[in-house]
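Summary of structural features
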Amino acid sequence: FVTTTSRGGEATSAAIKQKVAAALSLQQLEHLVPMLEHNLTSTQPSLRLWTLQLLSLFEQPLMKPADKSATQEPCTIVEMGIALESTAGGMETYKDRMNHLRRMAVIASSGRVPEIFHNVFPYLALGQYSLNFSYIWPDVTKQLGLLAAANQQLFWNAVWGLLQRFNDERLLIETGPTPEAKKWLNSCAEARAAESELTASPKIDGHAIECPNLARFNRVFSAELLRLANVDGSGLQNLAIATNCPDLNRVDYANVQKQLMTMLAEIGAAAAEAHSKPVVQAFLAFIRYDFGWTSSFFTKHEGTELGLDVDLTGVYAVEHRGLLTERGRRIDETRCILWLKLISKFRNPQQLPRAPTLYSLFLRMITRGDNEMQRHALGCLLAWRQSGVHPYAENLRNLVDEKRFRDEIKTFDLAVNGQSINIVHREQLMPILLRVLHGQMMVRNGKASRKD
């Protein structure tokens, strides 16, 4: 552009500024954010950073005032996100990275973030679990805990939305624009092409108010987008492969899922219980299709009150398991323990959907020769707070504790006429107690055989 003091030059500059302001207005940002915000949970740090930088180009909304007398100020949460993603995740700089995340957590939990940017912090925080740097994971969980305490629904929508992708691993594959974004790109390209080819450039006092180089670029850009938007979508895929440089660090999707489940069990039990229906369905689907040794339970009880009256394949794409996440007995056992740890923190498990089925599954799990699984399955049963079981909770926990088992079994009198158990409580207690002892016998037999 040539700087001039002429009247036509001023008009041209004002017209250009007006067009740029309209293109980067808050109204345009409101249309763009829903298309791009899921990029913030991406496993690719570069994609998260580029998305934030793109959002920062637009007019930023105002923060909600802390009180009626306070003046409104522009929201800076996107700028903080850029500072976070621009900081390396190594040992030397991870403290700086976490300081940026803490500042974002304070603002997000204050309730002052405008609605258009509500998901920026939770999505960006969840994206940190994909970094192969374990030092930051506990701090990320702590900061998400602040959000969970302040806005449980926002926390749940972000966490559960990401966890649901692991039920159908095709959703974890990042191949470029979503169908909604592709549709929007195509519509913009068509509009640009029609405007650039059919409409003459307007002039003021004989001066064109559009840059010829920009107009030429728009025509080329529109033609390329129309060429890429073919029927099978291969053009966009090739563009994504050509322009996107994958990160060198391999993403451990199984670990990402583990960290999400660990975080949910630690700070999200209240939110999970408030949304118990999808949680129970996902847990039962995992038990039925992944955790093989209990799959026969559903076949045995099919058609009874303990069977399932819903089709779990709708929430669990079994045929696509293992596309990205590693499969194996140890991994499945770890996931099962995390599920049990989550459910054991529910306050009213007897009100859960399929409560009889869950209770029977937990009874079966405490017979397994695995101390850790026994302990968490027992925790789920104790959460029922049955009048005949709750008084003996400490005794039962001692029996699944390897260090306290011997002392407890010597002092806990199981006889009918013994002093340890009230005769009134035996009907509810004995089914659990005998299964715990059976599991402990399996544990000790296994250890003996390994020593031999």
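Each value, and the rule that gives it
- Residues numbered from 1 in each chain as written.
- Predicted model: local features only at pLDDT ≥ 70, side-chain atom pairs only at ≥ 80, totals over all residues.
- Heavy atoms only, no water.
- Helix = DSSP H or I, 4+ residues; strand = E, 2+ residues; numbered from the N terminus.
- Buried < 20%, exposed > 50% of the residue type's maximum accessible area, 1.4 Å probe, protein only.
- Contact = heavy atoms within 4.5 Å.
- Areas by Shrake-Rupley, 256 points an atom, 1.4 Å probe, with all protein chains shown as cover.
- Expected span 1.5 Å × (residues − 1).
- Phe/Tyr/Trp six-rings, centres within 6.5 Å; stacked < 30°, edge-to-face > 60°.
- Salt bridge = Lys/Arg side-chain N within 4 Å of Asp/Glu carboxyl O.
- Patch = residues over 30% accessible without salt bridge, like charges linked within 9 Å, V, L, I, M, F, W, Y side chains within 5 Å.
- Axes fitted to C-alpha atoms, helices over the stretch in contact; angles between N-to-C directions.
- Parallel < 35°, antiparallel > 145°, perpendicular 65-115°, else oblique.
- Left-handed = near helix turned anticlockwise from the far one by under 90°.
- Nonpolar A, V, L, I, M, F, W, Y, C, P; charged D, E, K, R; others polar.
- Polar contact = N/O pair within 3.5 Å; in protein donor to acceptor, adjacent residues only side chain to side chain.
- Disulfide = S-S within 2.5 Å.
- pLDDT = per-residue confidence, 0-100.

Moving on, we come to the overall build of the chain. In terms of helices and strands, the chain carries 21 helices and two strands. Split into buried and exposed, the 452 residues of the chain put 45% on the buried side. Counting contacts in the chain only where the partners sit at least 6 residues apart, residues at least 24 apart contribute 73% of the total. A total of about 24700 Å² of accessible surface is found on the chain, and carbon and sulfur atoms cover 53% of it.

The next thing to look at is helix 16 (residues 329-343). Compared with the 21 Å implied by 1.5 Å per residue over 15 residues, the 21 Å span of helix 16 between its first and last C-alpha is a close match. Within helix 16, the full set of buried residues consists of Asp332, Glu333, Arg335, Cys336, Ile337, Leu338, Trp339, Leu340, Leu342 and Ile343.

What follows is about the packing of aromatic side chains. Here the structure, examined in full by the defined rule, presents 10 aromatic pairs. Three or more aromatic residues joined by ring pairs make a cluster, and in this case those are Phe283, Trp339, Tyr359, Phe362 and Trp384.

Let us now look at unusual backbone geometry. Negative phi characterises most residues that are not glycine, and trans characterises most peptide bonds. One non-glycine residue, Arg354, lies in positive phi territory at about 60 degrees. For Arg354, the location among the structural elements is in the loop between helix 16 and helix 17 (355-365). Residues other than glycine seldom take positive phi values, yet Arg385 does so here, at roughly 55 degrees.

Okay, the pattern of salt bridges next. The full count for this structure, using the stated rule, is 10 salt bridges. In this structure, Arg112 and Glu73 form a salt bridge, with 3.5 Å as the shortest nitrogen-oxygen distance. In this pair, Arg112 is assigned in the loop between helix 5 (94-109) and helix 6 (120-127) and Glu73 in the loop between helix 3 (45-56) and helix 4 (77-86), connecting sequence segments 39 residues apart. In this structure Glu73 comes out as partly exposed when scored by relative accessible area, which is 38%.

The next point concerns a nonpolar patch on the surface. Residues Val20, Leu24, Leu54 and Leu57 make up a contiguous nonpolar surface patch of about 320 Å² in total accessible area. Topologically, Val20 is positioned in helix 1 (residues 7-23). Of the residues examined, Val20 reaches a relative accessible area of 45% and is grouped as partly exposed.

Here helix 18 (residues 371-382) spans 16 Å end to end across 12 residues, near enough to the 16 Å set by a 1.5 Å rise per residue. In terms of burial, helix 18 is a largely internal element, nine of the 12 residues being buried. Those residues of helix 18 not exposed but buried are Asn371, Met373, Gln374, His376, Ala377, Leu378, Cys380, Leu381 and Leu382.

This paragraph deals with the packing of helix 14 (residues 276-289) against helix 17. Packing of helix 14 against helix 17 brings their axes to within 12 Å, and their N-to-C directions diverge by 40 degrees. Here helix 14 is positioned oblique relative to helix 17, judged by the angle of their axes. Considering the relative orientation of helix 14 and helix 17, their crossing is left-handed. Here helix 14 contributes Val280, Phe283, Leu284 and Ile287 to the contact with helix 17, which in turn contributes Thr357, Leu358, Leu361, Phe362 and Met365. The residue inventory of the contact of helix 14 with helix 17, partitioned by class, reads eight nonpolar, one polar and no charged.

Here the focus is the packing of helix 4 against helix 5. Axis separation between helix 4 and helix 5 bottoms out at 8 Å; the angle between their running directions is 160 degrees. Considering their axes alone, helix 4 and helix 5 lie roughly antiparallel with respect to each other. The two elements helix 4 and helix 5 meet at a crossing, and its hand is left-handed. In contact with Ile77, Met80, Gly81, Ala83, Leu84 and Glu85 of helix 4, helix 5 contributes Arg97, His100, Leu101, Arg103, Met104 and Ile107. Its residues placed into classes, the contact of helix 4 with helix 5 shows seven nonpolar, two polar and three charged.

As a further point, take the side chain of Asn371. Tracing the backbone through its elements, the reader meets Asn371 in helix 18. Given a relative accessible area of 15%, Asn371 falls into the buried group.

Position of His100 relative to the elements: it lies in helix 5. Of the polar contacts made by the side chain of His100, one reaches the side chain of Arg103; its length is 3.3 Å. Contacts of His100, omitting those with residues within four sequence positions, involve Met80, Ala83, Leu84 and Thr87.

The subject of this paragraph is the state of the cysteines. One pass over the structure, following the stated rule, counts zero disulfides. Here Cys380 is not disulfide-linked; the sulfur of Cys336 is the nearest cysteine sulfur, at 8.9 Å. The buried category is assigned to Cys380, whose relative accessible area is 1%.

When pLDDT is averaged along the chain, the result is 81, and 75% of the positions lie at 70 or above. Across residues 1-5, confidence stays below pLDDT 50; counting only partners more than four residues off in sequence or on other chains, it has four contacts. Between residues 241-248, whose pLDDT stays under 50, and residues either more than four places distant or in other chains, the model counts six contacts.

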